[in-house]
Amino acid sequence: MSKLVLNMPCNTFTLETIMCCVFGLKAFDVAVYFEILKCKPAKINEIAESLNRERSTIQRSAQSLMNAGLILRKQINIKEGGYYYKYEAIPFLDVKEKIKKTMNDWSRDVCKWVDEIDENDANELINNLI
């Protein structure tokens, strides 16, 4: 790949799109994060009911959110046997810090990438455009 190509995952900046970009989420996953944040620890069924979605849809989003480090899953043991899970969102202040760190790292990497572009690279681009 040419040094003059930089994939930009986002071009519209809202909190939702930035969270999607930074954490590799879908827009609905972000909605699920905020619903869990609002509800405090909640079961998948409770979240599904609140958002009027299927349980399996919420489970997929919860998995993406756990992979991104935005929610935690806690096992609750039932006295009579068995267990269930409750999901808890990490505090939004922590999410903001993760976003800022990721954006700062990205900015540093882009600046480094731009510094490495030289005249030969620019000429290569011109030749490819013609």
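Remember, predicted model here, so these are calculated numbers, not experimental data. (Residues numbered from 1 in each chain as written. Predicted model: local features only at pLDDT ≥ 70, side-chain atom pairs only at ≥ 80, totals over all residues. Heavy atoms only, no water.)

> Honestly, a nonpolar patch on the surface in this entry has me stumped. Any pointers?
A grouping of Leu125, Ile126, Leu129 and Ile130 is seen on the molecular surface, where their side chains present a nonpolar patch of about 460 Å² in accessible area. For Ile130, a relative accessible area of 82% translates into the label exposed. (Patch = residues over 30% accessible without salt bridge, like charges linked within 9 Å, V, L, I, M, F, W, Y side chains within 5 Å. Areas by Shrake-Rupley, 256 points an atom, 1.4 Å probe, with all protein chains shown as cover. Salt bridge = Lys/Arg side-chain N within 4 Å of Asp/Glu carboxyl O. Buried < 20%, exposed > 50% of the residue type's maximum accessible area, 1.4 Å probe, protein only.)

> I would appreciate a short explanation of the side chain of Asp29 in the present structure.
Here Asp29 is to be found in helix H2 (residues 27–39). It turns out Asp29 is buried and unbridged, and the closest side chain with the opposite charge, Lys26, is 6.0 Å from it. The contact partners of Asp29, leaving out residues within four places of it in the chain, are Ser61, Ser64 and Leu65. (Helix = DSSP H or I, 4+ residues; strand = E, 2+ residues; numbered from the N terminus. Lys, Arg positive; Asp, Glu negative; His and termini not counted. Contact = heavy atoms within 4.5 Å.)

> Just to check I follow, could you spell out the pairing of strand S1 (residues 71–77) for this structure?
Sheet faces and side chains relate simply in a regular strand, where the side chains alternate between the two faces. For S1 and strand S2 (residues 83–89), the ladder comprises seven bridges, and the chain directions are antiparallel. Residue Leu72 lies in a different strand from S2, and its bridge partner there is Glu88. Where S1 folds back onto S2 in an antiparallel hairpin, the turn is made up of five residues, including Gly81, whose phi is positive at roughly 120°. (Pairing = 2+ DSSP bridges.)

> Honestly, the packing of aromatic side chains in this entry has me stumped. Any pointers?
Given two aromatic rings, their pairing is described by the distance between the two centres and the angle made by the two planes. Tallying each qualifying case throughout the model produces three aromatic pairs. For the ring pair Tyr33 and Phe34, a centre distance of 5.0 Å and an interplane angle of 75° mean the geometry is edge-to-face. Geometrically, the ring pair formed by Phe34 and Phe92 is tilted, given 5.7 Å between the ring centres and 50° between the ring planes. A residue pair is termed long-range when its members are at least 10 positions apart, and Phe34 in helix H2 and Phe92 in helix H5 (residues 92–115) qualify at 58 residues. Using a relative accessible area of 28% as the deciding quantity, one classes Phe34 as partly exposed. Look at Phe92 and you get partly exposed, because its relative accessible area is 24%. One aromatic cluster in this structure is built from Tyr33, Phe34 and Phe92. Between the NZ or CZ atom of Lys43 and the centre of the ring of Tyr84, over which it lies, the distance is 4.4 Å. The ring centre of Tyr85 lies 3.9 Å from the NZ or CZ of Arg73, which sits over that ring. (Phe/Tyr/Trp six-rings, centres within 6.5 Å; stacked < 30°, edge-to-face > 60°. Lys NZ or Arg CZ within 6 Å of the ring centre and 35° of its normal.)

> What is the right way to read unusual backbone geometry from this model?
Residues apart from glycine generally show negative phi values, whereas peptide bonds are mostly found in trans. The phi angle at Lys40 is positive, at roughly 65°, despite the residue not being glycine. Along the polypeptide, Lys40 turns up in the loop between H2 and helix H3 (44–51). Its relative accessible area of 55% is what places Lys40 among the exposed residues. A positive phi angle is found at Asn52, which is not glycine, with a value near 55°. When its relative accessible area of 68% is taken as the criterion, Asn52 is described as exposed.

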